[in-house]
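Report on the structure
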Amino acid sequence: MHIDFLTIFPDLIRDAAAYGIAGRAIRAGLVDVIAHDLRDFADDVHRTVDDTPCGGGAGMVFKPEPVARALAAIQDAGRPLENVIFLSPDGERLDQKTVNRLSIAPNLVLLCGRYRGIDERIRELYVTEEISVGDYVLSGGELPALVLMDAVVRLIPGAMGDAESALEDSFQNGLLDCPWYTRPREFEGLRVPDVLLSGDHQRIADWRRNTAVQRTRIRRPDLYESIETGDTAGSENEDAGRHGRS
Ligand code: 9WO
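Residues numbered from 1 in each chain as written. Predicted model: local features only at pLDDT ≥ 70, side-chain atom pairs only at ≥ 80, totals over all residues. Heavy atoms only, no water.

Looking at helix α7 (residues 201-219)
- The terminal C-alpha atoms of α7 lie 27 Å apart, and with 19 residues this matches the ideal 27 Å at 1.5 Å per residue to within 8%.
- Of all the residues in α7, the buried ones are Ile204, Trp207, Asn210, Thr211, Ala212, Val213, Gln214, Arg215 and Thr216. (Helix = DSSP H or I, 4+ residues; strand = E, 2+ residues; numbered from the N terminus. Expected span 1.5 Å × (residues − 1). Buried < 20%, exposed > 50% of the residue type's maximum accessible area, 1.4 Å probe, protein only.)

Shown next, in the form of structure tokens:
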């Protein structure tokens, strides 16, 4: 996969992309990330990429020409503009289904706005999809673009080690995750559930499934409505859904 970022803060993208599973996938050659500086495509000595909004008002708007030139350069380099994604609070909310779909695309272009946004004609002419990572306003699209990259890249075959499996993720089965424990067996008065120390792999799998289902029911009734629950009876799930001590 090839991911082009268009941004006025390319170093923010490069630095963040060096970490974790995404960083490892890039070093392994599974993903190619290029952070383009939008100012490189400006046409004046000041490398101006913004201008005042037509009709007046506070703030600045990304001029269309530098964005269009940067997109042309990506296309000229042989990468079709099939998935030009603008990160915006106006977009469709990102979910695992969209992440799964984008994870098999050969090319992604992530357009990161600042100020009040980009000239509407860029949206009309080039943007194929507008994505939001949540209903709040940030100061720019870079962090949402990195969120999208992180979610997508970890699904690329080979990106996750044998120890991790994307297929077992919370959400891949439509459920929240079960509780997880490690040693010690007792911590500040709280014990690891006996079933996890029983060695009975079937009981452990059942407990994990059941706590995940109950936790989904309590915390995310919206997700719970759209799943096939199966048998969730049993007394080993009383802590499901608890966020902490209560
Ligand atoms: C700026 C602004 C200034 C004065 C009055 C109103 C204003 N609205 C905005 C604004 O929405 N700016 C955005 C900043 C323009 C596009 C890039 N920015 C952005 C993206 N903020 N938050 C996101 C974002 C993207 C994806 N998911 C959640 C948030």
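Some words on the site of the ligand
- What surrounds the ligand is a group of 17 residues, the closest being Ser88, Tyr115, Arg116, Val133 and Leu138.
- A distance of 2.8 Å is found between a nitrogen atom of the ligand and a backbone nitrogen or oxygen belonging to Val133.
- Here Leu138 contributes a backbone N or O atom positioned 2.9 Å from a nitrogen atom of the ligand.
- Coverage of the ligand by the protein amounts to 76% of the 600 Å² it exposes when considered alone.
- Among the elements of the structure, β5 (84-93) and β7 (129-132) are those that each provide at least two residues to the shell around the ligand. (Near = heavy atom within 4 Å. Polar contact = N/O pair within 3.5 Å; in protein donor to acceptor, adjacent residues only side chain to side chain. Areas by Shrake-Rupley, 256 points an atom, 1.4 Å probe, with all protein chains shown as cover.)

A few points about unusual backbone geometry
- The step from Arg183 to Pro184 runs through a cis peptide bond, and the omega angle for that step is 5°.
- Of note, Pro184 is situated in the loop between α6 (142-153) and β8 (186-187).
- Even without being a glycine, Arg47 presents a positive backbone phi close to 55°.
- Residue placement: Arg47 occurs in the loop between β2 (32-37) and β3 (50-51).
- Classification of Arg47 by relative accessible area gives partly exposed; the value is 33%.

Some remarks on the environment of Thr48
- Examined against the element boundaries, Thr48 turns out to sit in the loop between β2 and β3.
- Accessibility expressed as a relative area gives 25% for Thr48, which makes it partly exposed.
- Measuring from C-alpha to C-alpha, the distance between Thr48 and Tyr181 comes to 53 Å, with 133 residues separating the pair along the chain.
- The residues contacting Thr48, other than those within four sequence positions of it, are Arg39, Ala42, Lys63 and Pro66. (Contact = heavy atoms within 4.5 Å.)

What about the sheet that holds β5?
- The strand order β2-β1-β6-β5-β7 describes an open sheet built from five strands, whose pairing is parallel. Because the sheet does not close on itself, it has two edges, and the strands there are β2 and β7. Going across the sheet, the axis of each strand differs from the next one's by a mean of 35°, ignoring polarity.
- Contacts between helix α3 (residues 64-76) and the sheet are confined to β1 (2-7), β2, β5 and β6 (107-111), with β1 contributing the most and set at about 160° to the helix.
- Packed onto the sheet, α6 meets β1, β2, β5, β6 and β7 and runs at close to 175° relative to β1. (Pairing = 2+ DSSP bridges. Axes fitted to C-alpha atoms, helices over the stretch in contact; angles between N-to-C directions.)

Quick look at the environment of Ile74
- Considering the arrangement of structural elements, one finds Ile74 in helix α3.
- A sequence separation of 40 residues divides Ile74 from Ile34, and the C-alpha atoms of the two residues are 9.9 Å apart.
- Beyond its immediate chain neighbours, meaning those up to four positions away, Ile74 contacts Asp4, Leu6, His36, Arg79, Leu81 and Val109.

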